[in-house]
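Coordinate inspection notes
The chain contents come next:
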Amino acid sequence: AVLAQGRRLQPTQPPNAKHALAPAVGSALGRCEMSSRVGENSASGLLGQGSHALAASVAPIGGEVDRFGGVTVELCDGDVQDAAAFRGRLQESLAAWRSAGRIAVWMYVSNKASAALPALLEEGFDWHHAKPGVAGAPGRAVLTRWLLEDEANRLPLYPNTQVGVGGLVLNEDGSKVLLMQERIAMSDKVDGLWKIPGGLADPGEHLVDAAVREVREETGVQAMPEGVLCIHHRHGFRHGVSDLYFTIRMRAAVADTNPCGVETRAVTWMPLEEACTSPTVLDFNRRILHLEATGQDFLQPHFGRHGSKLAKTDFLMYTTACDLDPETGRPPKRG
């Protein structure tokens, strides 16, 4: 959610806006009650000017107009109990949205409203993304429809970059590095080779927290993160996503290990100098370990708002500076 939000577009004011950005996922939740409202007021307010006649003939599909001139709709099961009637409402609503100068439609379809999918696809909607149910909330698919027929679709793509972390864990005096062998290797070429522990960050998880979790889960070692040693940006991963891989420099006060039997075959503490050249260590990791062995600087994490006017909570900024003012994000004045 943090990365690769698609093409960034400058907002303009509806109804003559030329671009439409994806609405925040959270802003589309809880609209079922709003989506089911019908009548003249909702027709004029949600579909745009000139839609009063529509309200008199067919109940419009409720939606919310964003600042870019697009319309966001969340469908619930009550909206599509009659598939044929829904198809008619959809056609009338599309005509009304075009007449009002709307430029695109974002359609959130819950699992319970999946009967709407055939009509949406037949009316020119296309898939944007889908998410599984979480914490009792149903899963949903999101489809989009660009309404400006004489202009190219400029809606942003769904985020397409995953975030991975690797924990480069040193022992207390920095002479040894923590390495593991995966129980199930990515390929026969790397089967049995030593590597640093790591994996994908969870949604909403800080890089350093993800590294702490992955190291603990795979090796049983509790390590303290110190900063980002290096970043790899790679493409062509599973499902066509790109990958941002952050190596987190870490320190363990205790060398005791407790390997995870599901993910880990073996764990060892190897002298850092040996690990940098040993053919038993994954070549990709040897290059990273060499950065550590040669004393390269790393980016230190700093919590704060860092001068942001939009952030609602503190966040992490990584920099080579040792100290930052958490409010301004600036290093302290010297002298």
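The rules behind the values
Residues numbered from 1 in each chain as written. Predicted model: local features only at pLDDT ≥ 70, side-chain atom pairs only at ≥ 80, totals over all residues. Heavy atoms only, no water. Helix = DSSP H or I, 4+ residues; strand = E, 2+ residues; numbered from the N terminus. Buried < 20%, exposed > 50% of the residue type's maximum accessible area, 1.4 Å probe, protein only. Contact = heavy atoms within 4.5 Å. Areas by Shrake-Rupley, 256 points an atom, 1.4 Å probe, with all protein chains shown as cover. pLDDT = per-residue confidence, 0-100. Pairing = 2+ DSSP bridges. Expected span 1.5 Å × (residues − 1). Arc of directions from axis to C-beta. Polar contact = N/O pair within 3.5 Å; in protein donor to acceptor, adjacent residues only side chain to side chain. Phe/Tyr/Trp six-rings, centres within 6.5 Å; stacked < 30°, edge-to-face > 60°. Lys NZ or Arg CZ within 6 Å of the ring centre and 35° of its normal. Salt bridge = Lys/Arg side-chain N within 4 Å of Asp/Glu carboxyl O.

Within the chain, the secondary structure is distributed over eight helices and 13 strands. Relative to its 335 residues, the chain shows a buried fraction of 42%. Pairs at least 24 apart in sequence give 64% of the contacts found in the chain among residues at least 6 apart. Working note: accessible area of the chain is about 18,200 Å², and carbon and sulfur atoms make up 52% of it.

On to the confidence of the model for the chain, then. Looking at the chain, the pLDDT average stands at 84 and 82% of residues meet or exceed 70. Throughout residues 1-31 the model reports pLDDT below 50, and contacts reaching past four residues in sequence, or to other chains, amount to 77 contacts. Segment residues 33-56 is flagged for pLDDT under 50; beyond a separation of four residues in sequence, or across chains, it makes 45 contacts in the model.

Judged by pairing direction, the sheet is mixed, and its five strands sit side by side in the order β1-β2-β3-β5-β4 without closing on themselves. At either end of the open sheet lies a strand with only one pairing partner, and these are β1 (64-65) and β4 (126-131). Where strand β2 (residues 70-75) and strand β3 (residues 104-110) come together, six bridges link them in parallel fashion. Bridge assignment links Gly 70 to a residue of β3, and that residue is Ala 104.

Look at helix α4 (residues 83-99): 24 Å from first C-alpha to last across 17 residues, which is about the 24 Å you get at 1.5 Å a residue. Buried residues of α4: Phe 86, Arg 89, Leu 90, Ser 93, Leu 94, Ala 96 and Trp 97, and no others. Seen end-on, α4 carries its buried residues on one side only, within an arc spanning 165 degrees. Exposed residues lying more than 90 degrees from the buried face of α4 are Ala 84 and Ser 99. At the N-terminal end of α4, a side-chain oxygen is found 3.1 Å from the backbone nitrogen of Ala 84, two or three residues along, and the residue is Asp 82. Gly 101 occupies a position one or two residues after α4 and carries a positive phi of about 85 degrees.

Turning our attention to the packing of aromatic side chains. Within the structure shown, the criterion is met by one aromatic pair. Above the plane of the ring of Tyr 245 lies Arg 234, whose end atom (NZ or CZ) is 5.3 Å from the centre.

In this section: the side chain of Gln 181. Relative to the helices and strands, Gln 181 is located in strand β7 (residues 176-182). Taking the relative accessible area as the measure of exposure, Gln 181 reaches 12% and is therefore buried.

Here the phi dihedral of His 239 falls at roughly 65 degrees; this positive angle occurs in a residue that is not glycine. Among the structural elements, His 239 can be located in the loop between β9 (224-234) and β10 (242-251). A positive phi angle, near 50 degrees, is found at His 306, a position not held by glycine. Relative to the assigned elements, His 306 resides in the loop between β12 (300-304) and β13 (315-319).

Further remarks concern the pattern of salt bridges. The tally for this structure, following the rule as stated, stands at 18 salt bridges. Between Glu 122 and Arg 87 there is a salt bridge, with the nearest N and O atoms lying 2.5 Å from each other. With Glu 122 in helix α5 (residues 117-122) and Arg 87 in helix α4, this residue pair connects regions lying 35 residues apart in the sequence. For Glu 122, a relative accessible area of 52% puts it in the exposed group. Under the relative-accessibility criterion, Arg 87 is labelled partly exposed at 26%.

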